[in-house]
Amino acid sequence: MNMHPIPPAALPAAGFALADQLLALLPGSAVQPLDYRQRGNTDADWIIGIKPVSDDASVHAGHWERHPHGEEVLCLLEGCILVTLSARQQPEQQVRLSPGQALIVPRGTWHRLQVEQAGRLMFVTPSVGSEHRKVADGLDAERDAPSAEVQP
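Residues numbered from 1 in each chain as written. Predicted model: local features only at pLDDT ≥ 70, side-chain atom pairs only at ≥ 80, totals over all residues. Heavy atoms only, no water.

Asker: Explain the overall build of the protein to me, using residue names and the numbers behind them.
Answerer: Across its full length, the protein holds 0 helices and 9 strands. Sequence-ordered secondary structure for the protein, helices as α and strands as β, is β-β-β-β-β-β-β-β-β. Here the protein, with 152 residues, has 36% of them falling under the buried criterion. Within the protein, contacts between residues at least 6 apart in sequence are counted, and of these 68% link residues at least 24 apart. As displayed, the protein has an accessible area near 9,000 Å², and 54% of this comes from carbon and sulfur atoms. (Helix = DSSP H or I, 4+ residues; strand = E, 2+ residues; numbered from the N terminus. Buried < 20%, exposed > 50% of the residue type's maximum accessible area, 1.4 Å probe, protein only. Contact = heavy atoms within 4.5 Å. Areas by Shrake-Rupley, 256 points an atom, 1.4 Å probe, with all protein chains shown as cover.)

Asker: Explain the environment of Leu 77 to me, and be specific about the residues and the numbers.
Answerer: Take Leu 77: it is sitting in strand E5 (residues 72-86). Residues Leu 77 and Met 122 lie 45 residues apart in sequence; the distance between their C-alpha atoms is 6.8 Å. Discounting chain neighbours no more than four positions away, the residues touching Leu 77 are Ile 50, Pro 99, Arg 120 and Met 122.

Asker: Could you give an account of the nonpolar core, with specific residues and numbers?
Answerer: Within the largest apolar cluster, 21 residues are counted, with the highest numbers of intra-cluster contacts made by Leu 74, Ile 81, Val 83, Leu 97, Leu 113 and Leu 121. Of all the secondary structure elements, the ones that give two or more residues to this core are strand E1 (22-26), strand E3 (46-53), E5, strand E6 (93-97), strand E7 (102-105) and strand E8 (110-126). When residues in this core are grouped by element, the largest group, 5 residues, is from E5. Apart from the residues within four sequence positions on either side, Leu 113 is in contact with Val 59, Ala 61, Leu 74, Ile 81, Leu 82, Val 83 and Leu 121. (Core = buried A, V, L, I, M, F, W, Y, C linked by side-chain atoms within 4.5 Å.)

Structure representation (structure tokens):
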């Protein structure tokens, strides 16, 4: 058996609030704290965050969102949210999440959130390529026209 010792890692000096930063999941199984403003400027494939959800504005309920580069995991820690999903040639579907429940939003599926009770939402999402459309603009027949990116 050929065992290679793992080099010692620097021990963390202190914990941090995940609500204040994102975690970038980098190639080689590395993890790095990331400021929200740096979200699109990372080599990470995925980011993890916890977001306080106080009202519809806190989850940009006025916008549809989709992630063409991968699935998104939504895990409700506290509160209650309603997730509306819209996929090609299928009727809209609504899923209510309660604390401890998770939902995998399929790659490329338009979705939006509404807050029914304030709380906290953990998300695991692709780090780049999110697309957004205003709800007032509707979704076209193909439901795949991209628009400007909106940051959380």
